[in-house]
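Chain by chain, the residues run as shown.
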Amino acid sequence: MPLDGEYVPSPRERVREHVELYERTGGAEGGTLGGVPVIILTSRGVKSGKVRKIPLMRVEHEGAYAVVASMGGAPTHPLWYYNLKAHPHVQLQDGAHTWDMHARELTGAEKQQWWDRAVTTFPPYAEYQDKTDREIPVFVLERLEDQ
């Protein structure tokens, strides 16, 4: 069941334009950030209930994906972190493919396993963790039909 409702584009021009390009071309353009593949994460806003979209680094393993709430090592979590905590039903677009997914925040050994995959995919994550006092959250996204 796709996320429906009013879509509110990001107030950040760079993010808004990246999402528009990616979606318009099915990921053929805008499919990378700094040479690293990205996905588009669609979630529901925790306060507004409106649909939000953001490009994030593509960390995939056997059909499941991880999203890392790094925010470049900022002292606070990105806003989408709270969206996923409140509304774990999300959509993920990887290239031309889109799936309904369930987001689950990871802990312990499972988090470490996905963290290692994320750092292998995008090494700056390790620098971001060193830069902040908060523990950077990691979610695994699993297809709803696999639940």
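Cut-offs and rules
- Residues numbered from 1 in each chain as written.
- Predicted model: local features only at pLDDT ≥ 70, side-chain atom pairs only at ≥ 80, totals over all residues.
- Heavy atoms only, no water.
- Helix = DSSP H or I, 4+ residues; strand = E, 2+ residues; numbered from the N terminus.
- Expected span 1.5 Å × (residues − 1).
- Buried < 20%, exposed > 50% of the residue type's maximum accessible area, 1.4 Å probe, protein only.
- Arc of directions from axis to C-beta.
- Contact = heavy atoms within 4.5 Å.
- Pairing = 2+ DSSP bridges.
- Phe/Tyr/Trp six-rings, centres within 6.5 Å; stacked < 30°, edge-to-face > 60°.
- Lys NZ or Arg CZ within 6 Å of the ring centre and 35° of its normal.
- Core = buried A, V, L, I, M, F, W, Y, C linked by side-chain atoms within 4.5 Å.
- Axes fitted to C-alpha atoms, helices over the stretch in contact; angles between N-to-C directions.
- Nonpolar A, V, L, I, M, F, W, Y, C, P; charged D, E, K, R; others polar.

Peer 1: Please clarify how helix 1 (residues 13-25) should be interpreted in this entry.
Peer 2: The periodicity of an α-helix, 3.6 residues per turn, causes residues three or four positions apart to be oriented the same way. Over its 13 residues, helix 1 runs 18 Å from end to end, which matches the ideal 18 Å to within 8%, given 1.5 Å per residue. Those residues of helix 1 that sit buried are V15, H18, V19 and Y22. Buried residues of helix 1 fall within an arc of 95° about the axis and therefore sit on the same side. Where helix 1 is buried, its residues contact strand 1 (32-33), strand 2 (36-44), strand 3 (51-57) and strand 6 (89-94).

Peer 1: Teacher, can you tell me more about the environment of K131 here?
Peer 2: Residue position: K131 is located in helix 4 (residues 124-131). Judged by its relative accessible area of 61%, K131 falls in the exposed class. Taking the C-alpha atoms as reference points, K131 and G73, 58 residues apart in sequence, are found 5.5 Å from one another. Non-local contacts of K131, meaning those with residues more than four positions away in its chain, are made with G72 and G73.

Peer 1: Whenever I open this one, the pairing of strand 8 (residues 138-143) confuses me. Can you help?
Peer 2: Across a regular strand the side chains alternate sides, sitting on one face of the sheet and then on the other. Across 4 bridges, the pairing between strand 5 (residues 64-68) and strand 8 is antiparallel. Directly across from V67, in strand 8, lies its bridge partner F139.

Peer 1: Whenever I open this one, the packing of aromatic side chains confuses me. Can you help?
Peer 2: Each pair of aromatic rings is reported with the distance of its centres and the angle of its planes. All chains considered together, the criterion is met by 8 aromatic pairs. Measuring from centroid to centroid gives 6.4 Å for W80 and F139, while their planes differ by 50°, and the two rings are tilted. Of this pair, W80 sits in helix 2 (residues 79-86) while F139 sits in strand 8; the two residues are 59 residues apart in sequence, bridging distant segments of the chain. Both residues of the pair, W80 and F139, count as buried. Their ring planes at 90° and their centres at 5.0 Å tell us that Y81 and Y82 sit as a pair that is edge-to-face. We classify Y81 as buried; its relative accessible area is 9%. Through a chain of ring-to-ring contacts, three or more aromatic side chains come together here, namely W80, Y81, Y82 and F139. Positioned above the aromatic ring of W114 is the side chain of R117, whose terminal nitrogen or guanidinium carbon lies 4.6 Å from the ring centre. Above the ring of W99, the side-chain terminus of R143 is found at 4.0 Å from the ring centroid.

Peer 1: Any chance you could explain the nonpolar core here in plain terms?
Peer 2: One broad rule of soluble globular proteins: the nonpolar side chains tend to lie buried together. In this structure, L41, V67, W80, L84, W114 and L141 are the most contacted members of the largest nonpolar core, which totals 37 residues. The residues touching L84, leaving out its near neighbours within four places in the chain, are L41, S43, V67, V90, A103, F139 and L141.

Peer 1: Before we go on, may I ask you to explain the packing of helix 3 (residues 108-121) against helix 4 in this structure?
Peer 2: A pair of packed helices can be characterised by two numbers: the angle between their axes and the separation between those axes. At a minimum axis distance of 6 Å, the contact between helix 3 and helix 4 shows a crossing angle of 115°. In this structure, helix 3 contributes W115, A118 and V119 to the contact, and helix 4 contributes Y125, A126 and Q129. Residues that form the contact of helix 3 with helix 4 fall into these classes: 5 nonpolar, 1 polar and no charged.

It is worth stressing that arrangement in space is one thing and function is another; only the former is reported here.
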